[in-house]
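Architecture and fold: a report
Given next are the chains, with one letter for each unit.
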Amino acid sequence: MMTGETSSAPSGKTKSRKPKYSRFSQQELPACKPILTPGWVITAFLCVGIVFIPVGLATFFASERVVEVVDRYDQDCIPPEYRNDSLEYIQSTLTDKTCDRSLIVPKQMKGPVFIYYELDNFYQNHRRYVKSRSDKQLRSKASESDTDNCKPEAVTLSNAPIVPCGLVAWSLFNDTYGFSVKSKVLDVSKKNIAWKSDQEHKFGSDVYPKNFQSGTLIGGARLNSSIPLSEQVDLIVWMRTAALPTFRKLYGRIEVDLEANDIIEVTIKNNYNTYSFGGKKKLVLSTTSWIGGKNGFLGRAYLTVGGLSLLFAVGFIIIYVFKPRPLGDPSYLSWNRNPAGI
Amino acid sequence: METAINIGFACSLLRQGMKQICITEMNSDTVAKDAKQAVKENILMQLTNASQMVKLEKDPHAAFALIIDGKTLTYTLEDDMKHQFLALAVDCASVICCRVSPKQKALVTRLVKEGTGKTTLAIGDGANDVGMIQEADIGVGISGVEGMQAVMASDFSISQFRFLEKLLVVHGHWCYKRIAQMICYFFYKNIAFGLTLFYFEAFTAFSGQSVYDDWYMLLFNVILTSLPVISLGVFEQDVSSEVCLQFPALYQQGPKNLFFDWYRILGWMGNGLYSSLIILFLNIIILYDQAFRAEGQTADMAAVGTTMFSCIICAVNCQIALTMSHFTWIQHLFVWGSIATWYLFLLLYGMISPIYSGNAYQILVEALGPAPLYWCTILLVTVSCNLPYLAHISFQRCFNPMDHHIIQEIKYYKKDVEDQQMWRRERSKARQETKIGLTVRVDAKIRQLRGKLNKKNATLTFHSCIAPPS
């Protein structure tokens, strides 16, 4: 088979079959080829150190400024006669769940002071738990019967849909807290504790709770069926599943300042059952800074990385001073270093 | 056979001064039963004599050429003789087999491949070369006068034989490095990503809940980290093509497997393991249970997952930027564009209705974007993941440099222009000594002439000593 050779043009010249030249196809695109010289190495590590250490100090001190009061109350709030039988206590409707606690404010807490409830050993991130909800139903009344993922809390015995369905809603936290200092009641503001996008777009204003907690097994709070879901802020906050088995959720806000050494009287309604799975309940009062709540780890991590980076830069300089390598020196080529074999 | 020898001289496979070993079958008129046996014994004797001669040679510049034709090859390729034939052929500088059938070409290639265990390359341009091309580890076909059969059967095809040099020394060298780096990086990024999912399971009572949104995981390997790797694998050049041609010794980095040995593979995997630990644990501890914003909200699973994923994307793309040494506009676009694409995606995903976006609805605009903690975390994790690698390559480059590092520096500081003698000297040292080829023929001629000149000088001085002064 003879391939079509040089096709003779009418002028009699043979055409070249060389492909058209382009910088892209010949891999000759203009490029920058940075070289990692000792100068650049030292500059890079010094820069990291110089940037990270101040950031670390700033975040560390911001976290140190945050004042936090944590109080575990689930064990102490069981009355003495039920100490050995906490399950009986928590599941009975006849026992008195009121519990009075005293918290001392260690340092001045400038408002707003945020109130959180903290749960421990509660796996809100379990796959079957996370699945057990119906976002469609929460959004609009028309999708009321969309309860497929919500089993076992999907429908009542007479097949009427439960709104909101699913285990996440069913296990809604229902302890309540009342605060007073020097016999004056502190107002707990429930405004803006949930994400605005949740309130406006994910929980419908035409959806009302229906048949909620109507079965024999009550998982948590009951809901007022005359308030639409978009205003049930506790439910909205709860429905944002936490990432870890230890988590805090925003309960409310105290707008006023709390002075140092104030004694806050807390009236807790100890309704929520964490005793059957060995969970813990804690009440947290905390201020915030520009970086958020109290966590010195970010600051310490920045300081560590910045410090290690500076250390490396210094070490590199020292080693380079004692064993310098001139750049582009051909005596370091492998055939000059060991001429026996390349 | 004479034609073959003449062609050998023409293309510098043979030269004056090479000892030629011709293996031929003796003419046997008898059609007796043991004629074949006699011929075989004769050939065996020729092989043995030649092997002896090669072994006893003392001159280091001596070269041998083995010339054999197709008829003889049928005998030598039989199982009882082929090992001796191979042993002799390997000792010779060049071997010419003439009048060979296509089947024999393939058999010779197989013999060399299996007998020496080395990588073989076969190059041919006609349909009769197809067997040989397919038998060899690497088959190169030349497209041209004899048609396209060789091209269709080959692994690589070129249009002229002289392009073979560029194919090996430039493209082979680049390809080896590109593929090695690409594979190592690919393992690294997927380990860094996948292990975080695995570790998180320990926090979810091993129920199988993933911390990332489904769309994040889908897009990770498709758009967000694939384009930079492709640009690394397609465009990466450690040295330019002219330097590759000038320094053939750089090609040896491939056969010596300096870039894909176990040390490097395990190193990259270890880097991935380290990165995954840093990403997960830093994020979990930083976003633990306290508020992450000044407005007091705590981080739910969507916030933690999005923050962690942002950290992975930034860390992994910065890592590839550190790996690359040749930055065209394409690499810049892909690497930084991947990070930008992630944020663009997050923005757009957050804008579509929560029916599809679920908890990622407006997460960047509302929750994470305005939170300084989010950006601080990304910066910390990205730098922590990349700092050990940067330290490692700094040390290696400054105190234990490889050849291409030195040459890159020479080109960068334009020392090849300043000190052209040094450049020429190093170039000549970077060529391996061979026994055949044009340069060796020229060198041999020079040696011969020099030898003659020395003898002439010696006789002249002798005569001038003897001749009585006039």
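Under the annotation held in an unreviewed UniProt entry, chain B carries the name Phospholipid-transporting ATPase and is attributed to Rhizophora mucronata. UniProt, in its Subcellular location (unreviewed entry) section for chain B, records the words "Membrane".

For chain A, an unreviewed UniProt entry supplies the name ALA-interacting subunit and the organism Rhizophora mucronata. Check the Subcellular location (unreviewed entry) section of the UniProt entry for chain A; it says "Membrane".

All names here are of chain B. Buried within helix α1 (residues 2–10) are the following residues: Ala4, Ile5 and Gly8. Looking straight down α1, one finds its buried side chains confined to an arc of 100°; they lie on one side. Exposed positions of α1 whose direction lies more than 90 degrees from the buried face are Glu2, Thr3, Asn6, Ile7 and Ala10. On its buried face, α1 sits against β1 (19–23), β2 (64–69) and β3 (94–98).

The next point concerns the domain arrangement of chain B. The domains assigned to chain B are domain 1 (2–100), domain 2 (167–411) and domain 3 (416–465). For domain 1 of chain B and domain 2 of chain B, the distance between their C-alpha centres works out to 57 Å.

To continue, consider the packing of helix α9 (residues 214–224) of chain B against helix α14 (residues 329–351) of chain B. Residue and element names in this part refer to chain B. At a minimum axis distance of 11 Å, the contact between α9 and α14 shows a crossing angle of 150°. With respect to the hand of their crossing, α9 and α14 are arranged in right-handed fashion. Between α9, through Trp215, Tyr216, Leu219, Ile223 and Leu224, and α14, the contact on the second element is made entirely by Ser338, Thr341, Trp342, Phe345, Leu346 and Tyr349. For the contact of α9 with α14, the residue count by class is 9 nonpolar, 2 polar and no charged.

It is worth spelling out the state of the cysteines at this point. Residues and elements named next belong to chain A. This model, assessed by the stated rule, comprises 2 disulfides over all chains. Paired through a disulfide, Cys77 and Cys99 show a sulfur-sulfur distance of 1.8 Å. Looking down the S-S bond of the Cys77 and Cys99 bridge, the torsion is -75°, so its handedness is left-handed. Taken together, the positions of Cys77 in the loop between β1 (68–72) and α2 (86–91) and Cys99 in strand β2 (residues 98–104) put the pair 22 residues apart, joining distant regions of the chain. As far as burial versus exposure is concerned, Cys77 and Cys99 are alike and both buried. At a sulfur-sulfur separation of 1.9 Å, the disulfide partner of Cys150 is Cys165. With Cys150 in the loop between α4 (135–139) and α5 (167–170) and Cys165 in the loop between α4 and α5, this pair connects stretches of sequence that are 15 residues apart. The pair formed by Cys150 and Cys165 is uniform in burial state, with each residue classed as buried.

Each value, and the rule that gives it
For every chain, the first residue of the written sequence is number 1, and numbering continues from 1 along that sequence. By the order in which they are written, chains take letters starting at A while ligands take numbers starting at 1. For a predicted model such as this one, the threshold for reporting local features is a pLDDT of at least 70, and the threshold for listing and counting side-chain atom pairs is 80 or more; totals across whole chains, interfaces and linings nevertheless cover every residue. Excluding hydrogens and water, the side-chain values take into account all heavy atoms of the structure. UniProt positions are given in the numbering used here, feature names are shortened, and annotations may be inferred rather than shown by experiment. Classification of residues uses two cut-offs on accessible area relative to the type maximum, computed with a 1.4 Å probe and protein chains only: under 20% is buried, over 50% is exposed, and between them is partly exposed. A run of H or I in DSSP becomes a helix once it reaches four residues, and a run of E becomes a strand once it reaches two; helices and strands are each numbered from the N terminus. Here the arc refers to the directions that run from the helix axis out to each C-beta atom. We call two residues contacting when some pair of their heavy atoms lies within 4.5 Å. Where each domain begins and ends follows an automated or database-derived domain assignment. Interaxial angles span 0 to 180 degrees and are taken between N-to-C directions of axes, which are lines fitted to C-alpha atoms, for helices over the stretch in contact. Crossings are assigned a handedness: left-handed for a near helix turned anticlockwise from the far helix by less than a right angle, right-handed for a clockwise turn. Three categories are distinguished: nonpolar for Ala, Val, Leu, Ile, Met, Phe, Trp, Tyr, Cys and Pro, charged for Asp, Glu, Lys and Arg, and polar for the others, with Gly belonging to the last. By definition, disulfides here are pairs of cysteine sulfur atoms that lie within 2.5 Å.

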